[in-house]
Amino acid sequence: MTPEAVLSHQPRVLSQSQRESYFGKGYVVVESMFGPSELAAIRTVVGEFIERSKQETRSGEVFDLAPGHSAGSPRLRRLRRPHQHHPLFWEITSGVLADVAADLVGPDVVFHHSKLNFKWNDGHDQVDWHQDIQFYPHTNYSPLTIGLLLEDMTLANGALGFIPESHTGELFDQYDEQGQWKGCLSDHDVERLDVSRADYIEAAAGAITVHNCRTVHGSPPSRSTDGRALLLNAYASADAFPYTPHPEPAPHVGEVIRGQPARWAHHDPRPCLIPPDWSGGYTSIFAAQAGEDDPDAAGSVRPT
Ligand SMILES: O=C(O)CCC(=O)C(=O)O
């Protein structure tokens, strides 16, 4: 569906100017989507998972752990597929966030994946500049990711930054010169891109960020001792079909959660980089960018 076709449908949640801003810049921020009582309930569940992670010593199917993780000093980088592990997360994925997705991809929406990222001021939490669609190519570029801020997000705790209008620019090669998947842009490409234009999102807990799968984004390390938790859910138009194995297969993945299944696939003619074959498993963007995807490396599991 073209942006014009999406915009011709009545919005469920967003204003027309928020939708236009998303299509123009490649991202949009909406303040106060979740209120204090909803956030408190989510934080309680998140706290339970942080407690559980303390019993783990290696990254696995549920937790992605940074080097140095221990019970006394938990360094949980990511809770993988949260919607699979607690009904509250699925409620969030399939609730108002799916309506937001429908306002931006069109009325027929497929769920793609969820993840809960943390930053702990431990030197392992920088997310280098990257684009998402090279992790999971689709027949068009409708896929988008919605981030729900579970804590206030500031530059001090590793605010997510977006390069405005980069979604209309080139798709970058996220392999290094040796052909190893890095999951981020090369230093040379970062130099070519004017990252001084980055828009770092500082907003209160309860806000959401929405970015398109072509938008270049990343986040600096946290300098705060408070963990920064960001719940991410990705969706696509039902007429966007993946053509590589899903990096994080899980229940509900690929499910039409708004509207109807598509009869026709929509094909965008712009080519897409193909990721490694992750049909045997995927770790995380943190692991890939830190070069931990070597199966013999400490803390590694097999695959954003
Ligand atoms: O957690 C963040 O700051 C960004 C995460 C991100 O871009 C990703 O996981 O793909």
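Our subject is the structure listed above.
About the criteria used
Residues numbered from 1 in each chain as written. Predicted model: local features only at pLDDT ≥ 70, side-chain atom pairs only at ≥ 80, totals over all residues. Heavy atoms only, no water. Salt bridge = Lys/Arg side-chain N within 4 Å of Asp/Glu carboxyl O. Helix = DSSP H or I, 4+ residues; strand = E, 2+ residues; numbered from the N terminus. Buried < 20%, exposed > 50% of the residue type's maximum accessible area, 1.4 Å probe, protein only. Contact = heavy atoms within 4.5 Å. Polar contact = N/O pair within 3.5 Å; in protein donor to acceptor, adjacent residues only side chain to side chain. 1 Å grid on protein atoms, 1.4 Å probe; cavity = no way out; pocket = protein on both sides within 12 Å on 5 of 7 lines; lining within 4 Å. Points joined across faces, edges and corners; volume = space filled by probe spheres on them. Nonpolar A, V, L, I, M, F, W, Y, C, P; charged D, E, K, R; others polar. Near = heavy atom within 4 Å. Areas by Shrake-Rupley, 256 points an atom, 1.4 Å probe, with all protein chains shown as cover. Core = buried A, V, L, I, M, F, W, Y, C linked by side-chain atoms within 4.5 Å. Axes fitted to C-alpha atoms, helices over the stretch in contact; angles between N-to-C directions. Parallel < 35°, antiparallel > 145°, perpendicular 65-115°, else oblique. Left-handed = near helix turned anticlockwise from the far one by under 90°.

Colleague: I would appreciate a short explanation of the pattern of salt bridges in the present structure.
Modeller: Close approach of charged atoms allows side chains of opposite charge to pair. This structure, assessed with the given rule, holds twelve salt bridges. Two residues, Arg-81 and Glu-61, come together in a salt bridge whose shortest N-O distance is 3.1 Å. Of this pair, Arg-81 sits in the loop between β3 (76-80) and α4 (82-85) while Glu-61 sits in the loop between α3 (36-53) and β2 (63-65), placing them 20 residues apart in sequence. Residue classification places Arg-81 among the buried residues on the basis of a relative accessible area of 6%. Of the charged contacts in the structure, one is a salt bridge between Asp-189 and Arg-192, with a shortest N-O distance of 2.7 Å. You can see Asp-189 and its partner Arg-192 sitting in helix α7 (residues 187-192), three residues apart, about one turn around the helix. By relative accessible area, which is 9% here, Asp-189 ends up buried. The exposure class assigned to Arg-192 is partly exposed, which follows from its relative accessible area of 47%. Among the charged side chains, a salt-bridge network with shared partners connects Glu-61, Arg-80, Arg-81 and Glu-248.

Colleague: Would you mind going over the environment of Ser-237 with me for this structure?
Modeller: With respect to the secondary-structure elements, Ser-237 resides in strand β11 (residues 228-237). On a C-alpha basis, the gap between Ser-237 and Gly-259 in space is 10.0 Å, while along the polypeptide they are 22 residues apart. Among all residues touching Ser-237, those that are not within four sequence positions of it are Val-105, Asp-108 and Ser-142. In this structure the side chain of Ser-237 is engaged in a polar contact, spanning 2.6 Å, whose partner is the side chain of Asp-239.

Colleague: Got a minute to help me understand the layout of surface pockets in this structure?
Modeller: Rolling a probe over the atoms, with the probe sized like a water molecule, indicates the empty space that remains. In this model, the largest pocket occupies a volume close to 370 Å³. Along its surface, the largest pocket is lined by 21 residues, and Pro-3, Phe-23, Tyr-141, Asn-212 and Arg-270 are the ones closest to its centre. Residue assignment for the lining of the largest pocket shows that the elements contributing at least two residues are α1 (3-7), α2 (16-25) and α6 (96-105). Among the residues forming the lining of the largest pocket, the class breakdown is eight nonpolar, nine polar and four charged. Of the voids in this model, the second largest pocket is the one considered here, and its volume is about 240 Å³. Taken together, 13 residues line the second largest pocket, and the ones lying closest to its centre are Cys-184, Leu-185, Ser-186, Asp-187 and His-188. Only β5 (127-130) and α7 provide two or more residues apiece to the lining of the second largest pocket. Here the lining of the second largest pocket takes four residues from α7, the largest share from any one element.

Colleague: Just to check I follow, could you spell out the site of the ligand for this structure?
Modeller: Near the ligand you find 14 residues, and of these Arg-78, Asn-117, His-217, Ser-219 and Arg-228 are the closest. Asn-117 has a polar side-chain atom sitting 3.0 Å from an oxygen atom of the ligand. One of the side-chain N or O atoms of His-217 is found 3.1 Å from an oxygen atom in the ligand. Across the complex, the protein chains shield 98% of the 290 Å² of accessible surface that the ligand would expose by itself.

Colleague: What is the right way to look at the nonpolar core in this model?
Modeller: In summary, soluble globular proteins display a tendency toward joint burial of nonpolar side chains. Within the largest apolar cluster, 47 residues are counted, with the highest numbers of intra-cluster contacts made by Phe-89 and Tyr-235. Top contributing element to this core by residue count: α6, with seven residues. Not counting residues within four places of it along the chain, the set of residues in contact with Phe-89 comprises Ile-42, Val-45, Val-46, Phe-49, Leu-79, Pro-82, His-83, Leu-116 and Leu-231. In this structure, Val-127, Leu-171, Cys-213 and Cys-272 belong to the second largest nonpolar core, which totals 15 residues.

Colleague: Before we go on, may I ask you to explain the packing of α3 against helix α5 (residues 87-94) in this structure?
Modeller: How two helices pack is summed up by the angle between their axes together with the distance between the axes. Interaxial distance between α3 and α5 falls to 10 Å at its minimum, and their mutual angle equals 130°. Considering their axes alone, α3 and α5 lie oblique with respect to each other. In terms of crossing hand, the pair formed by α3 and α5 is left-handed. Across from Ala-41, Ile-42, Val-45, Val-46 and Phe-49 in α3, the residues of α5 making contact are Leu-88, Phe-89 and Ile-92. For the contact of α3 with α5, the class distribution of residues is eight nonpolar, no polar and no charged.

Colleague: Is there a simple way to think about the side chain of Ser-114 in this case?
Modeller: Residue placement: Ser-114 occurs in strand β4 (residues 109-119). Since its relative accessible area comes to 3%, Ser-114 is described here as buried. In contact with Ser-114, other than residues within four places in its own chain, are Arg-81, Pro-82, His-83, Leu-232 and Asn-233.

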